[in-house]
Structures are given as C-alpha cells and as structure tokens.
Amino acid sequence: MSLYERFEDAFMPNYGVPPLALARGKGSTVWDVEGRQYLDFVGGIAVDSLGHGHPALVEAVSRQVATLAHTSNLYLHEPEVLLAEKLLELLKQPAKVFFANSGTEANECAYKLALKYGKATGRSYFVAAENGFHGRTMGALSLTGKKAIREQFGPFPVEVRFVPYGDADALKQAVTEDCIAVFLEPTQGEAGVVPPPEGYFGAAREICTAAGALLVADEIQSAIGRTGHWFAHQAEGVVPDVLTLAKGLGGGLPIGACVGFGPAATLFDKGDHGSTFGGNPVSCAAALAVLANVDPAEAAAKGALLRAGLEAVKHPLLKGVRGRGLWLALVLEEPVSGKVQQAAQDAGFLVNALQPDAVRLAPPLVVTAEEIQALVDALPSILTEAAK
Ligand SMILES: *Cc1c(COP(=O)(O)O)cnc(C)c1O
C-alpha cells in the first residue's frame, strides 16, 4: 500500500490526503519520498523562516534537546528568558510575554486576557474581520470570520461582530464602549494575503483607543521578517495592546507567543493561564536561532525582487500580484488555483492554492535570488499548463 493510502486509513478525514509526501529538505529545496526535487515556495505556511536544515537551527535544537528538553512551567529555564527578552528588545515597547505551542493557543491567551479586561470594565462583545483567520480552537474559532469553518461549531460563549476587512468606517460603527477587543490581522493571510488600504491599522488603533477597546494584532503569519519588518504593525507605526505570534517564530519547531503591551501586560493574575509544553527549552532555542539569523531588510529586498519578477510576467491567467515582503499571492483571472498548484508541482515548485483565485508564495526568508528567478522563469509555462 502506498503512503497515501496508509495515510487515508490511519487519519481522520479533516485534511483529505495531501498531494505529496515529503522526505527531507535543505535550504529552500525539498525532496519527496520518491526522490523528486522541488523548490519550496510554501515554507510550511510561512513557518520555515530559515529554510530546511539551517545549521544554526540544527545546532541550537540538537544542543538543547541533549541538554534539557523540558521543564514544564514549574521550573524556569534560560532559553525562555533569553527569548522573551529578545522579543521585547525587537518590539521596542514595554511589554510582557506568554509562550504557547501554536498560533491558535497564542490567540486563546489573547482571548482570555481580553475577557478579563471585558469583565473588569463591563464590556460584552468582540469585533473581528470577515474572512479573517485566527485558529481552530473554540475561542480563536469564534473570532474567525469564515462561515464554512466556524458556524457548524457554534454557538460560542461571547458574541463576535464581524466587519468587512479594510473598511475603517464599518469598524468605527462596530466598536462601541461595550466592545471588549478588536482582533485584526495587519494583512489577512488565509483570506488570500490581502493587505488593507493604507492607514487602516492606524485607524483601528484610534478607534479602539477612543472606545476603550483592546486592539489585538494577530501577527501569527505576518511577523518575524515576513513582511520585511520584524513585525508588520511596526511598519504602520501602530502599537497594539496585545500581539500574537507563532508560525515563523520557531522556524519549524512549535511555539506561539502572546505579548501584552502597557496595561495589558499585567491583566493576568497568578494562576489565570498556563501551558505544560508552552515555551519549552527546545522550541525556545529554535526561536532564538531564528531571531539571530533572520534579516528583515534582506527579506524585504528578496520580496521586492520576487514581486518585480512576477509582475513582469504577462499571462492571460495572471490578474496581478498582492501582498507584503516575501509573502505574496498570485491573483488569477479564473478560480483555478488548484490547477496552478499542480502544474507548479509538476514543474518542480511548491506553491499553495490558498483561495480559488489566489496562490500563496511564502518561501523561506533565506530563498536566493537564483531560486526566485527560477520560479519567475517557470511561471508562464506553469500558468499555460494550468489554463488547459
Ligand atoms: C496560522 C494562523 C493561525 C493559527 O495558527 P495554528 O498554529 O495553526 O494554530 C492564527 N492566526 C493566523 C493569522 C494564522 O495565519
């Protein structure tokens, strides 16, 4: 039996059977179980910041797992302190950190933090954006503005009002003095790598401040250099009340973080939240290696190169390119992203059919100019193949 058939027999059907079984990787290249080689422009969904098998990541993780793999939160360890300090240094604001294991858990922490604030101030509902994605556990799912994955699991404990993303007037209407918090992605990821109009995030900051609601920036996909800045909100000149991180932070090791700024840093009392594995030494060592080796300016330069190359491709199926930094979507004239993904795979490139008309590119931040050029050169024939 093939690995695919064995997968289908052993796993719940929630993912379907993925189209490819990967065996190993090096830099921005991966190999499947048959030994075929691909350039990886998915990067584990914007997770593999340093690519595959980066020597600094391998060294840090190997050393840490051999030294001390786990302590639980009953004991502290140096890697978690170093990592929290490093994040605070990069954030350049008074803040405090909680470590979780994933994106959705980082958002659960933000959700509970906000609930504490809401109870203390007598507020009753959240606001989030249509088509936004915040995770699959119940709190984060309740904030996720995608009917298909949300509604069958409701009702949810706290009301969430959804507004069209990018519309500051609609946001202003929705955020009253009864609103606990607004959860927003600085650029929507799963919705199709959709940046908002200029000034939207700053407007959200002003609206939240005026109403006394917390602004929660979900940067689980947008942070750690992906947009050409350490954190996307820094490019907007906006400081949120709460920030959530995950994907690119661990470079492939599972870690999430929830950061509270100013008064939000100390909303939890002792005993209010916790995680057995969150911030474990191995994941913290990995994240420290990531932060020591990511260069946001380099990601910005490579993103500009990729974007310019893609924009120069003239093809009837390609409507345009959108996104930020090394985080782009090919926007298609027809809803055939699945065929583009398959044609790319056949040509030796991994790309992600994110929406019917949008293909996500989120390569490792260490992708080279030659690798970028290889995709740009191959794109016209990939699109022609997909259009057949
Ligand atoms: C991926 C993602 C999440 C969920 O992260 P998981 O680690 O899959 O739980 C939440 N918010 C955003 C913006 C994401 O991109």
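Rules behind the numbers
- Residues numbered from 1 in each chain as written.
- Predicted model: local features only at pLDDT ≥ 70, side-chain atom pairs only at ≥ 80, totals over all residues.
- Heavy atoms only, no water.
- Near = heavy atom within 4 Å.
- Polar contact = N/O pair within 3.5 Å; in protein donor to acceptor, adjacent residues only side chain to side chain.
- Areas by Shrake-Rupley, 256 points an atom, 1.4 Å probe, with all protein chains shown as cover.
- Helix = DSSP H or I, 4+ residues; strand = E, 2+ residues; numbered from the N terminus.
- Nonpolar A, V, L, I, M, F, W, Y, C, P; charged D, E, K, R; others polar.
- Buried < 20%, exposed > 50% of the residue type's maximum accessible area, 1.4 Å probe, protein only.
- Contact = heavy atoms within 4.5 Å.
- UniProt positions renumbered as here; feature names shortened; annotations may be inferred.
- 1 Å grid on protein atoms, 1.4 Å probe; cavity = no way out; pocket = protein on both sides within 12 Å on 5 of 7 lines; lining within 4 Å.
- Phe/Tyr/Trp six-rings, centres within 6.5 Å; stacked < 30°, edge-to-face > 60°.
- Pairing = 2+ DSSP bridges.
- Axes fitted to C-alpha atoms, helices over the stretch in contact; angles between N-to-C directions.

## Brief notes about the site of the ligand
(1) Moving on: Close contacts around the ligand come from Ser-102, Gly-103, Thr-104, Asn-107, Phe-133, His-134, Gly-135, Glu-185, Asp-218, Ile-220, Gln-221 and Lys-247, and that covers them all.
(2) Moving on: Contacts to the ligand include Gln-221, whose side-chain N or O atom sits 2.7 Å from an oxygen atom.
(3) Moving on: Relative to its free-state accessible area of 380 Å², the ligand is covered by the protein chains to the extent of 81%.
(4) Moving on: The element best represented in the shell around the ligand is helix α5 (residues 103-121), accounting for 3 residues.
(5) Moving on: Its residues assigned to classes, the shell around the ligand shows 2 nonpolar, 7 polar and 3 charged.

## A word on the side chain of Gln-188
(1) Moving on: Relative to the helices and strands, Gln-188 is located in the loop between β7 (179-184) and α9 (200-211).
(2) Moving on: Residue classification places Gln-188 among the buried positions, given a relative accessible area of 3%.
(3) Moving on: Discounting chain neighbours no more than four positions away, the residues touching Gln-188 are Ala-129, Glu-130, Asn-131, Gly-132, Tyr-165, Val-193 and Val-194.

## Side note on the UniProt feature "binding site: pyridoxal 5'-phosphate" (unreviewed entry) in the protein chain
(1) Moving on: Per the UniProt record, the feature "binding site: pyridoxal 5'-phosphate" (unreviewed entry) sits at Gly-103, Thr-104, Phe-133, Asp-218, Glu-219, Ile-220, Gln-221 and Thr-276. A maximum C-alpha distance of 25.3 Å shows the annotated residues, which cover 174 residues in sequence, to be distributed over more than one spot. In the annotation above, Thr-276 are the residues that line the second largest pocket.
(2) Moving on: Aside from chain neighbours lying at most four places away, what touches Phe-133 is Thr-144, Ile-149, Glu-185, Glu-190 and Asp-218.
(3) Moving on: Following the sequence through the fold, Gln-221 ends up in the loop between β8 (214-218) and α10 (232-236).
(4) Moving on: Overall, Gln-221 belongs to the buried group, its relative accessible area being 7%.
(5) Moving on: When residues no more than four places from it in sequence are discounted, the contact partners of Gln-221 are Ile-45, Ala-46, Gly-189, Glu-190, Arg-226, Lys-247, Trp-327 and Arg-360.

## Re the environment of Val-193
(1) Moving on: In this structure, Val-193 sits in the loop between β7 and α9.
(2) Moving on: On the basis of relative accessibility, which here comes to 0%, the residue Val-193 falls in the buried class.
(3) Moving on: In this structure Val-193 touches Thr-187, Gln-188, Arg-322, Gly-323, Trp-327, Leu-328, Ala-329, Leu-354 and Arg-360, once residues within four positions along its chain are discounted.

## Topic: the packing of aromatic side chains
(1) Moving on: Counting across every chain of the model gives 4 aromatic pairs.
(2) Moving on: A centroid spacing of 4.3 Å and a plane angle of 15 degrees characterise the contact between Phe-7 and Phe-11, whose relative ring orientation is stacked.
(3) Moving on: The class of Phe-7 is partly exposed, set by a relative accessible area of 22%.
(4) Moving on: For the pair Phe-126 and Phe-183, a centre-to-centre distance of 5.7 Å together with 80 degrees between the ring planes defines the contact as edge-to-face. With a gap of 57 residues between them, Phe-126 in strand β5 (residues 125-129) and Phe-183 in strand β7 connect regions that are remote in the sequence.

## Overview of the sheet that holds β8
(1) Moving on: On the basis of which strands lie adjacent, the open sheet formed by 7 strands has the order β4-β10-β9-β8-β7-β5-β6 and mixed pairing. Two strands in the sheet have a free side with no partner beyond their single neighbour: β4 (95-100) and β6 (159-163). Recorded for the sheet is a direction-independent mean angle of 20 degrees between the axes of neighbouring strands.
(2) Moving on: Strand direction decides the pairing type here: β5 and β7, joined by 4 bridges, are parallel. Within β7, the residue paired with Phe-126 across the bridge is Ala-181.
(3) Moving on: Here helix α4 (residues 78-91) sits on the sheet in contact with β4, β9 (242-245) and β10 (256-261), set at roughly 130 degrees to β4.
(4) Moving on: Relative to β8, α9 is tilted by about 150 degrees, and along the sheet it contacts β7 and β8.

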